[in-house]
Amino acid sequence: MHAKSSGPDGHTFERQITGIREGSTRFPRYDAAVLGFEGYWYPVMWSRKLRSKPVALQLFGRDIMFIREHGKAYALENRCPHRGVPLSLGKREFAGTWTCRYHGWTFDVKSGVLVAALTDGPDSPICGKASVRTYALKERLGLIWLYNGTGEPPPLETHLPQEFFHPEATIVGRITDRRGDWRYAAENGFDEGHAKYLHRNAAMMFFLLMPGYSRVNVEPDDEAPWVTRKVQSVEFESEYPGLGKWPRRAFWKRKRRGARVSIRMPGLLRV
Ligand code: FES
C-alpha cells in the first residue's frame, strides 16, 4: 500500500507502508506514527560530527539543517521559503545568521526569522515577514537531541534513560541510515523469537546453545516507563509431534539463557 500522511507544517510526505500495518487498528496511535512520535526528544547525531560546516538530515519526514556557531548548535528547516533551495548550501555572512545561496535571504539562526534579503536591498520590506522553522535542540552525553514537536518541550532529562547517567556508563554507538519503516527496526529489537532461529548459527554462538523457545510475558517493568519481556520458562530441546526433536544438540555448546529486553517510548530498546 502506498500511503500519504501530512506533516504538521503542511508538507505532504509519501511513504511506503507494507505488510502488517495494512488495516491494523489495534494500536491506532502507533500505526499512525509513520514519521515517528511527536512530543519526544530524539538523539539524532554525535555532537562531534557538527562542526563549522552545516549538516543536512532528513528526520521525521522533514529536511533539517544543523549548524554550529560559537560552539552552540542550531537546527533549522532546510528549505528556503523564497524558492525552496536547501539552506544547507548557503553560508554565514553575518554572525548569528545563515544566508541562502540563491538570492541571499538571511535568517536569524535562533528564531529563523528573515533579517535581510541581501539582493533586495537593506530596506527590503520582506524582512521580518518570512521565516524558517527552528527546532529545540540540546547537547547532552556527546549527542545532539532534537525535539520532535511544537510548543514548549519537556525537560530533556525526562526522556533520557537513567542508564546513561550511571557513573560507569560508557556511551559509544553507531548511527547509520537505513531505508524502511522505523517501526520494524524497533519491533525487531524487541521480537522474542527470531534470535532463537535466525541467529542460532551465528559465529558468536559457536559455543553457545540457544533455547528452542521460551515462554515470556510482556509487562510493565518495575523501572517505568520501560516495558519488559519477562521470561517464564526456557526449553532447550523439544519433541515436535510427527517431526522429531528440535533443536539438535551439539556436544561442545553450553546453554545460554535469554537476555532481558525492554522497550520504551519513543522507540528505545534496552538489552
Ligand atoms: Fe533562498 Fe531565493 S531561494 S534566497
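No experiment lies behind these values; they were computed from the predicted model shown.

Caption draft 1: Structural context of the packing of aromatic side chains. Throughout the structure, instances matching the rule amount to 11 aromatic pairs. The interplanar angle of 55° and the centroid separation of 6.5 Å between the aromatic rings of Trp145 and Phe164 together place this pair among those described as tilted. In this pair, Trp145 sits in strand 11 (residues 143-148) while Phe164 sits in the loop between strand 11 and helix 2 (182-190), placing the two residues 19 residues apart along the sequence. In this structure Trp145 comes out as buried when scored by relative accessible area, which is 3%. Plain terms: the ring middles of Phe206 and Phe207 are 4.9 Å apart, the flat faces sit at 90° to each other, and that makes the pair edge-to-face. Using a relative accessible area of 47% as the deciding quantity, one classes Phe206 as partly exposed. Through a chain of ring-to-ring contacts, three or more aromatic side chains come together here, namely Phe206, Phe207, Phe251 and Trp252.

Caption draft 2: Structural context of the state of the cysteines. A complete count under the given rule lists zero disulfides for this structure. Here Cys127 is not disulfide-linked; the sulfur of Cys80 is the nearest cysteine sulfur, at 12 Å.

Caption draft 3: Representation of the sheet that holds strand 10 (residues 137-140) in the model. Spatial strand order, 3-11-10: three strands in an open sheet with antiparallel pairing. Every other strand in the sheet has two partners, leaving strand 3 (40-46) and strand 10 as the edge strands with one partner each. When strand polarity is set aside, the average angle formed by the axes of neighbouring strands in this sheet is 35°. Two elements, strand 3 and strand 11, share six bridges in a ladder whose sense is antiparallel. Within strand 11, the position partnered with Met45 by the bridge is Ile144.

Caption draft 4: Layout of the layout of surface pockets. Quantified by volume, the second largest pocket comes out at close to 490 Å³. Around the second largest pocket, the lining comprises 22 residues; the ones closest to its centre are Ala195, His199, Arg229, Arg256 and Ala259. Elements represented by at least two residues in the lining of the second largest pocket include exactly helix 2, helix 3 (194-198) and strand 14 (227-235). Counting residues per element, the lining of the second largest pocket draws most heavily on helix 3, which supplies three residues.

Caption draft 5: Molecular detail of the environment of Ala195. Relative to the helices and strands, Ala195 resides in helix 3. C-alpha of Ala195 to C-alpha of Met210: the two residues are 15 residues apart in sequence and 8.5 Å apart in space. Ignoring any residue separated from it by four or fewer positions in sequence, one finds Ala195 in contact with Arg200 and Met210.

Caption draft 6: How the structure looks around the sheet that holds strand 5 (residues 62-69). Read from one edge of the open sheet, three strands run 4-5-6, paired in antiparallel fashion. Strands at the two margins of the open sheet, each flanked by one partner only, are strand 4 (55-59) and strand 6 (72-77). Between one strand axis and the next, the sheet turns by 30° as a mean value, whatever way the strands run. In the sheet, strand 5 pairs with strand 6 via six bridges, with the strands oriented antiparallel. Following the sheet pairing, Arg68 is matched in strand 6 by Ala73.

Reading guide: rules and limits
- Residues numbered from 1 in each chain as written.
- Predicted model: local features only at pLDDT ≥ 70, side-chain atom pairs only at ≥ 80, totals over all residues.
- Heavy atoms only, no water.
- Phe/Tyr/Trp six-rings, centres within 6.5 Å; stacked < 30°, edge-to-face > 60°.
- Helix = DSSP H or I, 4+ residues; strand = E, 2+ residues; numbered from the N terminus.
- Buried < 20%, exposed > 50% of the residue type's maximum accessible area, 1.4 Å probe, protein only.
- Disulfide = S-S within 2.5 Å.
- Pairing = 2+ DSSP bridges.
- Axes fitted to C-alpha atoms, helices over the stretch in contact; angles between N-to-C directions.
- 1 Å grid on protein atoms, 1.4 Å probe; cavity = no way out; pocket = protein on both sides within 12 Å on 5 of 7 lines; lining within 4 Å.
- Points joined across faces, edges and corners; volume = space filled by probe spheres on them.
- Contact = heavy atoms within 4.5 Å.

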